[in-house]
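Architecture and fold: a report
Okay, here's what each chain looks like letter by letter:
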Amino acid sequence: PQLLKMLELNGCIVTIDAMGTQKEIAETIRSKGADYVLPVKDNHPNLRKDIELYFSTEKAQCDYAKTVEKSHGRYEKRECWLTEDIDWMEDSEKWCGLSGIGMIRSTIHKIDAEATEPTVHYVLFSKSGMTAAELLEVKRRHWAIENSLHWVLDVQFGEDNMRMRVKNAAENMNILRHMTMNLLKAETSYKGSINLKRKKCLLSPGYLLKVFSS
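Sequence order sets the numbering: in each chain, residues are counted from 1 along the sequence as written. Owing to the predicted nature of the model, reporting of local features is limited to residues with pLDDT of at least 70; listing and counting of side-chain atom pairs is limited to 80 or more, with chain, interface and lining totals taken over all residues. Values reported for side chains reflect all heavy atoms of the structure, with hydrogen atoms and water molecules removed beforehand.

**Observations concerning the overall build of the protein**
- Secondary structure counts use DSSP, requiring at least four H or I residues in a row for a helix and at least two E residues in a row for a strand, with both numbered from the N terminus. Secondary structure summary: the protein contains seven helices and six strands in total.
- Counting from the amino terminus, helix and strand elements in the protein follow one another as α-β-α-β-α-β-β-β-β-α-α-α-α.
- In terms of overall dimensions, the protein has a C-alpha envelope of 65 × 50 × 35 Å along the principal axes.
- The buried label goes to any residue with under 20% of its type's maximum accessible area, the exposed label to any with over 50%, and the partly exposed label to all in between, with areas taken from a 1.4 Å probe on protein chains only. Going through the 214 residues of the protein one by one, you find that 34% of them count as buried.
- Restricting to contacts in the protein with at least 6 residues of sequence separation, those with at least 24 account for 54%.
- Here the Shrake-Rupley method, with its probe set to 1.4 Å, supplies the accessible areas, and only the displayed protein chains count as covering residues. Accessible area for the protein stands at about 13,400 Å²; split by element, carbon and sulfur atoms hold 53% of it.
- The centroid of the 31 positive side-chain charges in the protein is displaced by 11 Å from the centroid of its 30 negative side-chain charges. Throughout, a contact is declared for two residues whenever any of their heavy atoms are within 4.5 Å. Charged-residue counts in this description rest on Lys and Arg as positive and Asp and Glu as negative, His and the chain ends being excluded. For charged residues, the charge sits on one atom: NZ in Lys, CZ in Arg, CG in Asp, CD in Glu.

This is the structure:
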């Protein structure tokens, strides 16, 4: 909430992980002249069950959109159902500016393999008149940030396996990893991946200096 109050958000759509799905945060976002798309997970079990039940029976009445993308040897199909019919929702008026709810179902099909079980996400949104296609695009941008940032930190920097617990060690190393990743991304003369750039820094002091000066 403190960070939201510091940002200029007028006209923006704010997306947050499930820990940010709170009535106070929704109110803060709206007070800044922005809209929100907030995921509903097990931190709101009753609300999630109600939304899940609604879409299990009323999908045919909802706005619908679909995208299909191919990358890294797999197809990913995303489908979205959206409605502004929320009069039935208990305490809907307590979510500041709430306009509707949405459901996104994502199915990944790897080439020469069976399709995985669909992953389903439920959301609350405040923007009046939002379409299913627009909601899909908003969530795609949110996931793109997670994939480009968190995946690199988790997989290539091994952040999830770190076991530093003394004082501020974990926070300090997180800051250093972010700085390192930003420096490597800013250096564009070599077109290799982040991992290959790290190895090149290890083998070439000249390239390491180029990264630091980027």
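Now that the structure has been shown, we can carry on.
**Brief notes about the nonpolar core**
- For the purposes of this section, nonpolar cores are sets of buried Ala, Val, Leu, Ile, Met, Phe, Trp, Tyr and Cys residues that join through side-chain atoms within 4.5 Å. If you look at the biggest cluster of nonpolar residues, it comprises 24 residues, and the most contacted ones within it are Tyr36, Ile51, Phe55, Trp95, Ile101 and Leu124.
- When contributions to this core are tallied by element, the ones reaching two or more residues are helix H2 (23–31), strand E2 (35–39), helix H3 (45–58), strand E5 (100–110) and strand E6 (119–125).
- Excluding residues within four positions of it along the chain, leucine 124 makes contact with Tyr36, Val37, Leu38, Val40, Leu47, Ile51, Met89, Trp95, Leu98, Gly100 and Ile101.
- Cys80, Phe125, Leu135 and Val138 belong to the second-largest nonpolar core, a separate cluster that totals 13 residues.

**Overview of the pattern of salt bridges**
- What counts as a salt bridge is simple: a side-chain nitrogen of Lys or Arg found within 4 Å of a carboxyl oxygen of Asp or Glu. Scanning the entire structure with this criterion turns up nine salt bridges.
- A salt bridge links arginine 48 to aspartate 42; the shortest N-O distance between them is 3.9 Å.
- For arginine 48, a relative accessible area of 22% puts it in the partly exposed group.
- When its relative accessible area of 61% is taken as the criterion, aspartate 42 is described as exposed.
- The salt bridge partner of glutamate 79 is arginine 105, with a shortest N-O separation of 3.0 Å. One end of the pair, glutamate 79, is in strand E4 (residues 74–83); the other, arginine 105, is in strand E5, and 26 residues separate them in sequence.
- Each member of the salt-bridge network shares a partner with another, and the members are Glu69, Glu76 and Arg78.

**Some details on a nonpolar patch on the surface**
- A surface patch of nonpolar side chains, amounting to about 340 Å² of accessible area, comprises Met173, Ile175, Leu176 and Met179.
- Along the chain, leucine 176 turns up in helix H5 (residues 169–186). A patch consists of residues whose relative accessible area exceeds 30% and which take part in no salt bridge; residues with like charges are grouped when within 9 Å of each other, and nonpolar side chains (Val, Leu, Ile, Met, Phe, Trp, Tyr) when within 5 Å.

**Considering the packing of aromatic side chains**
- Pairs were defined over the aromatic rings of Phe, Tyr and Trp, the Trp ring being its six-membered one, requiring ring centres within 6.5 Å. Orientation was assigned from the angle between planes: stacked under 30 degrees, edge-to-face over 60, tilted for the rest. Tallied over the entire structure, the rule returns five aromatic pairs.
- Between phenylalanine 55 and tyrosine 122, the ring centres sit 6.5 Å apart and the planes meet at 25°, which makes this aromatic pair stacked. Of this pair, phenylalanine 55 sits in helix H3 while tyrosine 122 sits in strand E6, and the two are 67 residues apart along the sequence.
- Look at phenylalanine 55 and you get buried, because its relative accessible area is 1%.
- For the pair tyrosine 64 and tryptophan 81, a centre-to-centre distance of 5.2 Å together with 45° between the ring planes defines the contact as tilted. Of this pair, tyrosine 64 sits in strand E3 (residues 63–71) while tryptophan 81 sits in strand E4, placing them 17 residues apart in sequence.
- Taking relative accessible area as the criterion, tryptophan 81 reaches 8% and is therefore assigned buried.
- By the ring-pair criterion, three or more aromatic residues cluster together here, those being Tyr54, Phe55, Trp88 and Tyr122.
- Just above the ring of tyrosine 190 sits the side chain of lysine 200; from NZ or CZ to the centre is 5.1 Å.
- Counting as a charge over the ring demands two things of the Lys NZ or Arg CZ atom: a distance within 6 Å of the ring centre and an angle within 35 degrees of the ring normal. A cation over an aromatic ring shows up here: lysine 200 above the ring of tyrosine 207, its NZ or CZ 5.3 Å from the ring centre.

**Section: the environment of serine 99**
- By secondary structure assignment, the location of serine 99 is in the loop between E4 and E5.
- On the basis of relative accessibility, which here comes to 14%, the residue serine 99 falls in the buried class.
- Residues serine 99 and threonine 83, 16 residues apart in the sequence, show an inter-C-alpha distance of 8.6 Å.

**Side note on the side chain of arginine 78**
- Note on placement: arginine 78 falls in strand E4.
- In contact with arginine 78, not counting residues within four places along its chain, are Ala65, Lys66, Thr67, Glu69, Arg105, Ser106, Leu136, Arg140 and Trp143.

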